[in-house]
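# Breakdown of the fold
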Amino acid sequence: QVQLVESGGGLVQAGGSLRLSCAASGRTFSRYAMGWFRQAPGKEREFVATISWSTDSTYYADSVKGRFTISRGNAKNTVYLQMNSLKAEDTAVYYCAADRRGYVSIDAFEYDLWGQGTQVTVSS
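Our subject in this report is the structure included herewith. Everything numeric here is computed off the predicted structure, so don't read it as measured data.

About the criteria used
Residues numbered from 1 in each chain as written. Predicted model: local features only at pLDDT ≥ 70, side-chain atom pairs only at ≥ 80, totals over all residues. Heavy atoms only, no water. Helix = DSSP H or I, 4+ residues; strand = E, 2+ residues; numbered from the N terminus. Buried < 20%, exposed > 50% of the residue type's maximum accessible area, 1.4 Å probe, protein only. Lys, Arg positive; Asp, Glu negative; His and termini not counted. Charge placed at Lys NZ, Arg CZ, Asp CG, Glu CD. Contact = heavy atoms within 4.5 Å. Salt bridge = Lys/Arg side-chain N within 4 Å of Asp/Glu carboxyl O. Polar contact = N/O pair within 3.5 Å; in protein donor to acceptor, adjacent residues only side chain to side chain.

### Focus: the overall build of the chain
- On a plain count of helices and strands, the chain comes out with zero helices and eleven strands.
- Viewed in the frame of its principal axes, the chain has a C-alpha envelope of about 40 × 30 × 25 Å.
- Burial status across the chain gives 43% buried among its 124 residues.
- Positive and negative side-chain charges of the chain, numbering 13 and 11 respectively, have mean locations separated by a distance of 6 Å.

Here is the structure:
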C-alpha cells in the first residue's frame, strides 16, 4: 500500500522547536519531490516548504523562511521539517505530500499523494 505517514507533531510553547517526519512506503519515492503544507482551523491549506528529488532545490513560504528547514533522509523515502522559533500562528495540521514530477512546486494540485496530517499546536 502506497502511503505517506507523518509524525512528530505535538504541543509546544512559542519559541520552541519541533521536528516533523514523513515516511513514504509502498514504492520508491527517491525521484519524487516532497512538500509540506499546513491547514489552520477555518483557513485554506497553504504551502510551507518543498524539496526536489535531488535535494539540490528547496523553497519556503515567506512566513517560515529562516525558521523552518526541509530535508530528506539518505534513502530519500523520508522527509523532515525542522521547525524552530515557533509562533502561535504556526498552529495547524501539517501534511506531507509527494510530487512525481520531481521538482519543487508550491501548488497543492501538483502533488499526487498526501499523508493524513499531524497536529502542531503552539501555545503563546
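Structure's up, so let's keep going.
### A few points about the side chain of R67
- Within the secondary structure, R67 sits in the loop between β6 (58–60) and β7 (68–72).
- For R67, a relative accessible area of 10% puts it in the buried group.
- Discounting chain neighbours no more than four positions away, the residues touching R67 are Q82, M83, N84, S85, L86, K87 and D90.

### With respect to the side chain of E6
- Mapped onto the fold, E6 is located in strand β1 (residues 3–7).
- R45 provides the closest opposite charge to the buried, salt-bridge-free E6, at an N-O distance of 7.7 Å.
- There is a polar contact of 2.8 Å between the side chain of E6 and the backbone nitrogen of C96.
- Among the polar contacts made by the side chain of E6, one reaches the main-chain amide nitrogen of Q116 at a distance of 3.1 Å.
- Beyond its immediate sequence surroundings of up to four residues, E6 is in contact with S21, C22, W36, Y94, Y95, C96, G115, Q116, G117 and T118.

### Comments concerning the environment of L113
- Note on placement: L113 falls in strand β10 (residues 113–114).
- For the pair L113 and R100, spaced 13 residues apart in the sequence, the C-alpha separation amounts to 8.9 Å.
- Not counting the four nearest positions on each side in its chain, L113 is found in contact with V2, Q3, L4, F29, C96, A97 and A98.

### Description of the pattern of salt bridges
- Per the counting criterion, the structure on display carries seven salt bridges.
- Two residues, R38 and E46, come together in a salt bridge whose shortest N-O distance is 2.6 Å.
- For E46, a relative accessible area of 36% puts it in the partly exposed group.
- Beyond isolated ion pairs, a larger network of salt bridges with shared partners links R38, E46, R67 and D90.

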